[in-house]
Amino acid sequence: MEFWIWMIVFIFIGGGCSLTGTWWSKKKKEEKKKEQKKKEQN
């Protein structure tokens, strides 16, 4: 159980300043753009 907690902590710390962090932020931005387009169509 503790192993998973540490894995999550390391992913959050490493993801914040590594390639996974930039990839994640790009994906979130793309999702926001898609949501805005759907709202505009409605």
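This structure is a prediction, so every number in the text was calculated from the model and none was measured. (Residues numbered from 1 in each chain as written. Predicted model: local features only at pLDDT ≥ 70, side-chain atom pairs only at ≥ 80, totals over all residues. Heavy atoms only, no water.)

Draft legend 1. Just the overall build of the protein chain, in detail. When helices and strands are tallied, the protein chain shows 2 helices and 0 strands. Looking at the protein chain residue by residue over its 42 residues, the buried ones come to 5%. Here the protein chain displays about 4700 Å² of accessible surface, and carbon together with sulfur accounts for 65% of that area. (Helix = DSSP H or I, 4+ residues; strand = E, 2+ residues; numbered from the N terminus. Buried < 20%, exposed > 50% of the residue type's maximum accessible area, 1.4 Å probe, protein only. Areas by Shrake-Rupley, 256 points an atom, 1.4 Å probe, with all protein chains shown as cover.)

Draft legend 2. View of the packing of aromatic side chains. Counted according to the given criterion, the structure contains 2 aromatic pairs. Consider the rings of Phe3 and Trp4, whose centres lie 5.4 Å apart with planes at 75 degrees: the pair is edge-to-face. The same class applies to Phe3 and to Trp4, which are both exposed. (Phe/Tyr/Trp six-rings, centres within 6.5 Å; stacked < 30°, edge-to-face > 60°.)

Draft legend 3. Structural view of a nonpolar patch on the surface. A cluster of nonpolar side chains, contributed by Met1, Ile5, Trp6, Val9, Phe10 and Ile13, occupies part of the molecular surface with about 710 Å² of accessible area. Topologically, Ile5 is positioned in helix H1 (residues 2–16). (Patch = residues over 30% accessible without salt bridge, like charges linked within 9 Å, V, L, I, M, F, W, Y side chains within 5 Å. Salt bridge = Lys/Arg side-chain N within 4 Å of Asp/Glu carboxyl O.)

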